[in-house]
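Chain residues, written in single-letter form:
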Amino acid sequence: MIYLKKVLILANDISYLKMLNSNLDKNKYNVIEGHTDYQHCFTYCLGLSVDVILIHQSFLKNYALLNQLVCTNRFLIIYLSSKNDAGSLYSIMNNSRFYFLNDLKYYCINEIIDIMLKDNNIIYSLELEKEKYLEKIEEEKWVKKAKVLLIKKGLTEDDSYKLILKKSMNERITKKLAAKKIIEEEGF
């Protein structure tokens, strides 16, 4: 079964809503026309678990809703407007989950959604990779501290590392936890 990305359209201009809906690729997207008022929109969007939200200027009363939705990091947001709102949207313009589109260029919405989804996947993989490296650095930090402590006790650097590694394997724990245990056992 192919998973279709959920796309929510929020617009009070019914003709624009229909035009946008008819332009979206139904083979890629499960399109939902939003039927909510402005005040309940945030909880409505969270409840639907959508991937992409298209918000037309006719729906917004102010930009607080856009800020809230972008800050959740759950959705890709495309704001469609013919106004030059860039100054008001300054705080979210550089967010990779937000795109400002002139509403007269709605015909390229499928391509924009595809690019945003691909970019978001790349960013997610890079964040996972970054977390792995940060964890590795943290492990090295603790191993170094334990090695210094063991060297002060009279062991060589190689023997200190072997002791940490042996403790890690014997207790089936990470080198980081083994190093922390050695530090605790030595009274530091």
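What comes next concerns the included structure. If you're wondering where the values come from, they're calculated on a predicted model, not measured in any experiment.

## Topic: the packing of aromatic side chains
Piece 1. Overall, the coordinates contain one aromatic pair when judged by the stated rule.
Piece 2. Residues Tyr 79 and Phe 100 carry aromatic rings whose centres are separated by 5.8 Å and whose planes lie at 40° to one another, so their mutual orientation is tilted. Linking Tyr 79 in strand β4 (residues 76-81) with Phe 100 in strand β5 (residues 98-102), this pair joins segments that are 21 residues apart in sequence.
Piece 3. Residue Tyr 79 is classed as buried on the basis of its relative accessible area, which comes to 1%.
Piece 4. Taking the relative accessible area as the measure of exposure, Phe 100 reaches 23% and is therefore partly exposed.
Piece 5. Geometry around Trp 142 places Lys 145 over its ring, the cationic atom sitting 4.5 Å from the centre.

## A word on the packing of helix α6 (residues 157-171) against helix α7 (residues 175-185)
The description of two packed helices rests on the angle between their axes and on the distance between the axes.
Piece 1. In contact at an axis separation of 8 Å, α6 and α7 are set at 110° when each is read in the N-to-C sense. Classified by the angle between their axes, α6 and α7 sit roughly perpendicular to one another. Here α6 runs over α7; the crossing is right-handed. Together, Tyr 161, Ile 164, Leu 165, Lys 167, Ser 168 and Glu 171 of α6 and Lys 175, Ala 178, Ala 179, Lys 181, Ile 182 and Glu 185 of α7 make up the contact between the two elements.
Piece 2. By residue class, the composition of the contact of α6 with α7 is six nonpolar, one polar and five charged.

## Focus on the environment of Thr 36
Piece 1. Within the fold, Thr 36 resides in the loop between β2 (29-33) and α2 (41-48).
Piece 2. Each C-alpha atom of the pair Thr 36 and Phe 59 lies 10.0 Å from the other, and the pair is 23 residues apart in sequence.
Piece 3. Thr 36 has contacts with Leu 10, Cys 41, Tyr 44 and Phe 59, leaving out every residue within four places of it along the chain.

## Points about unusual backbone geometry
Piece 1. Residue Asn 73 is not a glycine yet carries a positive backbone phi of 60°.
Piece 2. Note on placement: Asn 73 falls in the loop between α3 (64-71) and β4.
Piece 3. Located in the positive-phi region is Arg 172, a residue other than glycine, with phi close to 55°.
Piece 4. Here Arg 172 lies in the loop between α6 and α7.

## Describing the pattern of salt bridges
Piece 1. Tallied over the entire structure, the rule returns 10 salt bridges.
Piece 2. In this structure, Lys 28 engages Asp 114 in a salt bridge whose closest nitrogen and oxygen atoms are separated by 2.5 Å. Highlighted residues: Lys 28 in the loop between α1 (14-23) and β2 and Asp 114 in helix α5 (residues 109-152), separated in sequence by 86 residues.
Piece 3. Owing to a relative accessible area of 34%, Lys 28 belongs among the partly exposed residues under this scheme.
Piece 4. A salt bridge links Glu 157 to Lys 147, with the shortest nitrogen-to-oxygen separation between them at 3.3 Å. In this pair, Glu 157 sits in helix α6 while Lys 147 sits in helix α5, placing the two residues 10 residues apart along the sequence.
Piece 5. Overall, Lys 147 belongs to the buried group, its relative accessible area being 16%.
Piece 6. Salt bridges sharing partners connect three or more residues here, namely Lys 167, Glu 171, Lys 181 and Glu 185.

The rules behind these values
- Residues numbered from 1 in each chain as written.
- Predicted model: local features only at pLDDT ≥ 70, side-chain atom pairs only at ≥ 80, totals over all residues.
- Heavy atoms only, no water.
- Phe/Tyr/Trp six-rings, centres within 6.5 Å; stacked < 30°, edge-to-face > 60°.
- Helix = DSSP H or I, 4+ residues; strand = E, 2+ residues; numbered from the N terminus.
- Buried < 20%, exposed > 50% of the residue type's maximum accessible area, 1.4 Å probe, protein only.
- Lys NZ or Arg CZ within 6 Å of the ring centre and 35° of its normal.
- Axes fitted to C-alpha atoms, helices over the stretch in contact; angles between N-to-C directions.
- Parallel < 35°, antiparallel > 145°, perpendicular 65-115°, else oblique.
- Left-handed = near helix turned anticlockwise from the far one by under 90°.
- Contact = heavy atoms within 4.5 Å.
- Nonpolar A, V, L, I, M, F, W, Y, C, P; charged D, E, K, R; others polar.
- Salt bridge = Lys/Arg side-chain N within 4 Å of Asp/Glu carboxyl O.

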